[in-house]
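Fold and geometry: a report
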Amino acid sequence: MIKRGTVLTMDENRRILRNGAISIEDGRILNIGPTETVSKNFRADEVIDAKGSIVMPGLICAHTHMYGIALRGSSLRIEPPSDFSQILQRMWWPLDEILTNEDAYATTLAASIESVMNGTTCFADTYSAPNHIAGSLDSISKAVNEVGIRGLISFEATERRNSCEGKRGLQENIRFIKSKNKGRAMGMMSLHASFTVSNDLVEEGSELSKKYDVPITIHVSEGQSDSYHNIERYGKRTVERLHAAGLLSQRAVLAHCVHLNEQEIELIHYTSSNVAHNPMSNMLNAVGIAPLIDMIDHGINVGLGNDGYVFDMFENMRSAFLLHRVGRRDPNRPSAQQVVEMCTVNSARAYGLNSLGSIASGKEADIIIVRPSFVATPSTGSIYGYVVNGLKGSDVSDVIIGGEVIVRERRLLRLDTDKIGKQVRKSISGLWRRLGSSPPEALEPLRLEQGRL
Ligand SMILES: [Zn+2]
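1. Some remarks on the overall build of the chain
Helix and strand counts for the chain stand at 15 helices and 18 strands. At 21 Å, the chain has a C-alpha radius of gyration in line with the 22 Å of a compact globule built from 453 residues. Counting every position in the chain, which comprises 453 residues, the buried fraction comes to 60%. Long-range contacts, defined as pairs at least 24 residues apart, comprise 74% of the intrachain contacts of the chain with a sequence gap of at least 6.

2. Describing the nonpolar core
One finds L191, L247 and V387 to be the most contacted residues of the largest nonpolar core, which totals 108 residues. A per-element tally of this core places helix 3 (residues 101-117) first, with eight residues. In contact with L247, not counting residues within four places along its chain, are L191, V202, S206, I216, I218, L242, A252 and L254. Listed in part, the 16 residues of the second largest apolar core include L17, V55, I359 and V405.

3. Some thoughts on the domain arrangement of the chain
Its domain assignment divides the chain into domain 1 (2-57 + 361-412) and domain 2 (59-350). Taking only C-alpha atoms, the centre of domain 1 and the centre of domain 2 are 29 Å apart. Across the contact, 29 residues belong to domain 1 and 24 residues belong to domain 2. Counting the surface lost from both domain 1 and domain 2, the interface buries some 2200 Å², and carbon and sulfur atoms represent 66% of this. For the domain 1 face of the interface with domain 2, the top three residues by lost area are M10, V388 and I401, together amounting to 26%. At the surface where domain 1 touches domain 2, the tally comes to four salt bridges.

4. Structural notes on the pattern of salt bridges
Under the criterion given, the structure shown has 23 salt bridges. Salt-bridge contacts for D11 lead to R15; the nearest nitrogen and oxygen are separated by 3.1 Å. A residue is classified by how much of its surface remains accessible, and D11, at 9% relative accessible area, is buried. We classify R15 as partly exposed; its relative accessible area is 36%. For R150, the salt bridge goes to D366, with nearest N and O atoms at 2.6 Å. Residue R150 is found in strand 8 (residues 150-155), and its partner D366 is found in the loop between helix 13 (336-350) and strand 15 (367-370); the two are separated by 216 residues along the sequence. For the pair formed by R150 and D366, the shared burial category is buried.

The rules behind these values
- Each chain has its residues counted from 1, following the order in which its sequence is written.
- For a predicted model such as this one, the threshold for reporting local features is a pLDDT of at least 70, and the threshold for listing and counting side-chain atom pairs is 80 or more; totals across whole chains, interfaces and linings nevertheless cover every residue.
- Heavy atoms throughout the structure, all of them, feed into the side-chain values; hydrogens and water do not.
- What counts as a helix is a DSSP run of H or I of at least four residues, what counts as a strand is a run of E of at least two, and both are numbered from the N terminus.
- For the radius of gyration, the atoms used are the C-alpha atoms, and the globule rule reads 2.2 Å times the number of residues raised to 0.38.
- Under the scheme applied here, a residue whose accessible area is under 20% of the maximum for its type counts as buried, over 50% as exposed, and between as partly exposed, the area being computed with a 1.4 Å probe on protein chains only.
- Between two residues, a contact is recorded if the distance between any of their heavy atoms is within 4.5 Å.
- Residue types Ala, Val, Leu, Ile, Met, Phe, Trp, Tyr and Cys, when buried and joined through side-chain atoms within 4.5 Å, form a set referred to as a nonpolar core.
- Each domain's limits were defined by an automated method or a database of domain assignments.
- Defined here as a combined quantity, buried area equals the accessible surface (1.4 Å probe) lost by two parts on assembly, summed across both.
- Only one rule defines a salt bridge in this text: a Lys or Arg side-chain nitrogen within 4 Å of an Asp or Glu carboxyl oxygen.

Rendered as structure tokens:
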């Protein structure tokens, strides 16, 4: 049982409880209510006192590449890219080429630890490594389950080289979806982006997503060139082409959607497709500002992702909050509540994870306890603003996933982080060498201290 906290439920009525308690049994939420009432009716084996803390659903990252953590601090000697296509060609794709299953494991382990320490309890990942496709998802799943986080994982099918490569990507997803004992990992379908896949592959991926009843995700109009590519080659804009190939449905999660016109927004809404918005990555890659407010106004379900960049979803929430305000010169939109919804209930709904994203009776007990250092918790009227403007990942004190305490008072319980630090450092240093960049000696790429990266 968690007691005496300010509980931000994100349930259907968006209830907020002062001095609230949550009872948990067999990994699920049994009851929520005033501490006095819940304590009277439930005898707990373990009680966490959350006085002075905010208790909220675990954050859900709707789009990531866990292996992106390998690029942090790398001193790649490349000609500086001048647009998004060059960022892919000069940075990401050479990295993809050299990744092995061991790297997949090490980078997922590092990014999962950092994510969970910052309050993320579930993420949706797409992985890319053209030279080591088979078995890669098993390596990623191993890391996910060792940390105890939830991961919706997939191999990003692409035909950058040939159509055979695309089929092998889809095959790896099918293999993993059909595999048993996945633990906290889940499978889905994934395609890279409209400019690296043929209509045949889009159709095949979409049919498989339907057949196995799993989500399908793809990068959509992240850069302006995506629209140009589709108009030139198919006579349609990106979303129109993907719709014609059968991809749009409530199973589809379209990552980015920075360059959309009115018709494309309507098409996404009409087909009940979902969008994963990645504000920090969009700023980093200078691709533009996604029409978030227009999408929300059309009733599109928009979740929040980090795109493999900053593994602290509080920072990503704050970026979404700020970017669109400055972008539209509107100091009121989006609201702080809308931003918290994106990172909890909307991200869960995007992937059909209906038992996640909120604190309600019968749902999975994926809960975080946030203890801000100095400032008292706010009144219920200002709590969303407080979460978005005032909190950061390092304020997260406890993380519970499926009723299991994964992080207690900022210590990761399942793993020896010193040992992992060495292993991850070795793997990432090896990666950098193979990329032709030497890892800096003075600055160690990853340092683990008391369970923190
Ligand atoms: Zn991405």
